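Here is how the chains run, residue by residue.
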Amino acid sequence: MATPSRFEGYDLLNQSPPYVDVDLYGSDAPLQAAVAANGGAGEAAELSVFGRHWGSAEMFDLARQANENVPKLKTFDAKGFRRDEVEFHPAYHRFMAESIAAGLASSTWRDDATPAAPPAQVARAARFYIAAQVETGHLCPVTMTRAAVAALAAEPTLVAKLMPKIMSRHYDARFRPWWEKTGITLGMGMTEKQGGTDVRTNTTRAAMASEGYIITGHKWFMSAPMCDAFLVLAQAPGGLSCFLMPRFRPDGSVNGLQFQRLKDKLGNRSNASSEVEFADAFAWRVGEEGRGVRTIINMVQLTRLDCAIASAGIMRMGLAQAVHHARHRTVFQKHLADQPMMRSVLADLALEAEAAVALVMRLCRAFDLAASDPLEAVYARVLTPAVKYWVCKTAPAFIYEAMECLSGNGYVEESVLPRLYREAPVNAIWEGSGNVMCLDVLRALAHEGDAARALFDRLAVDAQDLPGAADLVAFVRSFDPRAEDDARGLVERLALLAAAAALRGSAPAPVAEAFARERLTAGVGITYGSRPLVPTEREQLIARALPA
Ligand SMILES: Cc1cc2nc3c(=O)[nH]c(=O)nc-3n(C[C@H](O)[C@H](O)[C@H](O)COP(=O)(O)OP(=O)(O)OC[C@H]3O[C@@H](n4cnc5c(N)ncnc54)[C@H](O)[C@@H]3O)c2cc1C
């Protein structure tokens, strides 16, 4: 898109052109390398088509519209009858249709709810990462739909009924019973007013009824309320259990989900998150009574993975905007991108973004191979919470620094950076907040025992000879998984070690070495650009970040 050069009688100078009509795959060398290194090389041509489409000016503008025109709850109609519907802007529906058509809600499954063959996870993750760069809010129901299959797999009858609708690449936004629709989406309700982490305190009750259960109670956060069914937790006679609650009862009447209000959120504005009361709502049980957490945790593991992928995508967009702007903006007779200190900042941001994408794609590879390789299954189990912790927590400060590269222009709403900035914290908060991720790593280490030690051996080999790696391996090997108070230190080191190992497998050697030197060895440098990179490293990192 051309930038107008004349404006109201004077020249409009020194503004960078809009960052639109880009190939979000072809312009991202670290992504291409990470996809190829993790079994996805054969996807390159299709990913480039996807990247060009999602990087079009039209898609960026639709994202703006979907976020400026937030969803509205329609609780009642004019005569006082309940409606309990949420209206979204057409731009939101367009993103849902695009993502579902691209398989983001289904492509990692087969029709019988077993995992699709590799590199299904990596191929989908690359698309998810690209989509997150453009519009993140709609990805909430997309990720929940694909993840819900992992929990539903416990109930073959439900799988047989619902999988054809889940596997459909057709988005059907109509408020109709699921069996009348060409495709469906699924959500999840666990969090209640008294707490989201300790779901054992859930007070929502489930009583057996003909064909299923009747649920009474509430959820304090239940996102994407126009999903066709929700996996919810409730107390059954046998203890906390998992249920699938459809929007319509089997007799075709509207089910008892009464939405109280929508959350007024910091970010994630295109997506609706509701407070809901269950008034004798019908549901099917999923898994055994009393094993609700165990059943739904299979879903949660996948939503945590998607949080990390999305945060890496948000970081990528912040970096691309920063490098693009700095290459066009002149200060003191030089492009910003040629000012030595700005080069240090951009290169350091690029290094962090390289590590994030290398690590999430390596983790997706572990999901791809988990069924056939026990060590990869342990990698996925232990590192999912660690990677979610590190990548999602890195994103907000990263976006802030990228915003500062554009400074005033980055701070205003018309640039995409305020939206990215508001979006960044939520991935660390939902699906298990930071401390909860650390507790989950400890739990996994204690449970896996020898298998966890084998994972550390593998990381030691993969990161061999990188600066600082040996010390981190020694630290994680000697860590006592009962030491909750130091768990953040463990998890951060584990994620950094895994990131260095992942970079070793996908990025050029100097990139992996620079990351290990700057992040694995102790030293000064809390802010971006304060860690000493050598000039050739800076050149390489910035060149890989975005083609000039
Ligand atoms: C935009 C948005 C949408 C959401 N959508 C959904 C949804 O669709 N479905 C759903 O079920 N939930 C949803 N949630 C809720 C979210 O998952 C919860 O907010 C989250 O799980 C944390 O629960 P909580 O807010 O009750 O915090 P709490 O459980 O009160 O935790 C508060 C803090 O304490 C920490 N903490 C907890 N236990 C320990 C411990 N033992 N040691 C040390 N620290 C600890 C946590 O890490 C957290 O930082 C959504 C939240 C947001 C913000």
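Quick look at the structure, then. (Residues numbered from 1 in each chain as written. Predicted model: local features only at pLDDT ≥ 70, side-chain atom pairs only at ≥ 80, totals over all residues. Heavy atoms only, no water.)

1. Here's the deal with the overall build of the chain
At step 1: The helix and strand inventory of the chain stands at 19 helices and 13 strands.
At step 2: A globule of 548 residues ought to have a C-alpha radius of gyration of about 24 Å, and the chain, at 23 Å, matches this closely.
At step 3: Seen through its C-alpha atoms, the chain measures out along the principal axes to roughly 75 × 70 × 40 Å.
At step 4: Put simply, the chain has 548 residues, and 58% of those count as buried.
At step 5: Intrachain contacts of the chain at a sequence separation of at least 6 include 72% that bridge at least 24 residues.
At step 6: Carbon together with sulfur atoms contributes 55% to the accessible area of the chain, which is approximately 21700 Å² in total.
At step 7: The positive charge centre, built from 58 side chains, and the negative charge centre, built from 62, are 2 Å apart in the chain. (Helix = DSSP H or I, 4+ residues; strand = E, 2+ residues; numbered from the N terminus. Rg over C-alpha atoms; globule rule 2.2 N^0.38 Å. Buried < 20%, exposed > 50% of the residue type's maximum accessible area, 1.4 Å probe, protein only. Contact = heavy atoms within 4.5 Å. Areas by Shrake-Rupley, 256 points an atom, 1.4 Å probe, with all protein chains shown as cover. Lys, Arg positive; Asp, Glu negative; His and termini not counted. Charge placed at Lys NZ, Arg CZ, Asp CG, Glu CD.)

2. Some points on helix α19 (residues 535-545)
At step 1: Turning to α19, its buried residues number three or more, namely Glu537, Arg538, Leu541, Ile542, Arg544 and Ala545. Buried residues in α19, looked at end-on, bunch into an arc of 165°, giving them a common side. Exposed residues on α19 whose side chains face more than 90 degrees from its buried face are Pro535 and Thr536.
At step 2: In this structure, the buried side of α19 is in contact with α1 (29-40), α8 (292-328), α9 (340-369) and α18 (509-520). (Arc of directions from axis to C-beta.)

3. Digging into the site of the ligand
At step 1: Met190, Thr191, Gly196, Thr197 and Ser223 are the nearest of the 20 residues found near the ligand.
At step 2: One of the backbone nitrogen or oxygen atoms of Met190 is found 2.7 Å away from an oxygen atom of the ligand.
At step 3: Here an oxygen atom of the ligand sits 2.5 Å away from a polar atom, N or O, in the side chain of Thr197.
At step 4: Only β5 (186-189), β7 (212-223), α13 (426-429) and α14 (434-448) provide two or more residues apiece to the shell around the ligand.
At step 5: Of the residues in the shell around the ligand, the class split is nine nonpolar, nine polar and two charged. (Near = heavy atom within 4 Å. Polar contact = N/O pair within 3.5 Å; in protein donor to acceptor, adjacent residues only side chain to side chain. Nonpolar A, V, L, I, M, F, W, Y, C, P; charged D, E, K, R; others polar.)

4. Considering the packing of aromatic side chains
At step 1: Under the definition given, this model contains ten aromatic pairs.
At step 2: Measuring from ring centre to ring centre gives 5.9 Å for Phe475 and Phe479, while their planes differ by 40°; the resulting arrangement is tilted.
At step 3: By relative accessible area, Phe479 is classed as buried at 13%.
At step 4: What links up through ring pairs into an aromatic cluster is the set Phe50, Trp54 and Phe95.
At step 5: Sitting over the face of the ring of Trp220, Lys263 holds its NZ or CZ atom 3.5 Å from the ring centroid. (Phe/Tyr/Trp six-rings, centres within 6.5 Å; stacked < 30°, edge-to-face > 60°. Lys NZ or Arg CZ within 6 Å of the ring centre and 35° of its normal.)

5. Considerations on unusual backbone geometry
At step 1: Residue Pro119 follows Pro118 across a cis peptide bond; omega there is 5°.
At step 2: Note that Pro119 resides in the loop between α4 (90-101) and α5 (120-134).
At step 3: Even without a glycine there, the phi angle at Glu211 is positive, about 75°.
At step 4: Examined against the element boundaries, Glu211 turns out to sit in the loop between β6 (205-209) and β7.
At step 5: A positive phi angle, close to 50°, is found at Ser407, a residue other than glycine.
At step 6: Here Ser407 lies in the loop between α10 (374-406) and α11 (408-411).

6. Observations regarding the side chain of Lys219
At step 1: In this structure, Lys219 sits in strand β7.
At step 2: Relative accessible area serves as the criterion here: at 1%, Lys219 is assigned to the buried category.
At step 3: Side-chain polar atoms of Lys219 contact the backbone oxygen of Met190, separated by 3.4 Å.

7. Some details on the pattern of salt bridges
At step 1: With the rule as written, the count across this model stands at 38 salt bridges.
At step 2: In this structure, Arg176 engages Glu180 in a salt bridge whose closest nitrogen and oxygen atoms are separated by 2.5 Å.
At step 3: Of the residues examined, Arg176 reaches a relative accessible area of 36% and is grouped as partly exposed.
At step 4: Of the charged contacts in the structure, one is a salt bridge between Glu376 and Arg362, with a shortest N-O distance of 3.0 Å. Placement of Glu376 in helix α10 and of Arg362 in helix α9 is noted, with a sequence separation of 14 residues between them.
At step 5: Classification of Glu376 as buried rests on a relative accessible area of 3%.
At step 6: Classification of Arg362 as buried rests on a relative accessible area of 11%.
At step 7: A single network of salt bridges, built from pairs that share partners, joins Arg304, Arg381, Asp440 and Arg443. (Salt bridge = Lys/Arg side-chain N within 4 Å of Asp/Glu carboxyl O.)

8. Description of the environment of Arg343
At step 1: Within the secondary structure layout, Arg343 lies in helix α9.
At step 2: By relative accessible area, Arg343 is classed as buried at 14%.
At step 3: With 198 residues separating them along the chain, Arg343 and Leu541 place their C-alpha atoms 9.7 Å apart.
At step 4: Among residues more than four places away in sequence, those in contact with Arg343 are Ala337, Asp338, Arg538, Glu539 and Ile542.

9. Looking at the environment of Leu240
At step 1: Considering the arrangement of structural elements, one finds Leu240 in strand β9 (residues 239-246).
At step 2: Assessed through its relative accessible area of 9%, Leu240 is described here as buried.
At step 3: Sequence separation of Leu240 and Tyr10 is 230 residues, and the distance between their C-alpha atoms is 68 Å.
At step 4: Contact partners of Leu240, with chain neighbours within four places excluded, come to Val199, Arg200, Asn202, Leu233, Ala234, Gln235, Gly290, Arg291, Gly292 and Val293.

10. Topic: the packing of α5 against helix α6 (residues 139-152)
At step 1: In contact at an axis separation of 12 Å, α5 and α6 are set at 165° when each is read in the N-to-C sense. With respect to their mutual orientation, α5 and α6 come out roughly antiparallel. The handedness of the crossing between α5 and α6 is left-handed. For the pair α5 and α6, the contacting residues are Gln121, Arg124, Phe128, Ala131 and Ala132 in the first and Leu139, Thr143 and Arg146 in the second. (Axes fitted to C-alpha atoms, helices over the stretch in contact; angles between N-to-C directions. Parallel < 35°, antiparallel > 145°, perpendicular 65-115°, else oblique. Left-handed = near helix turned anticlockwise from the far one by under 90°.)

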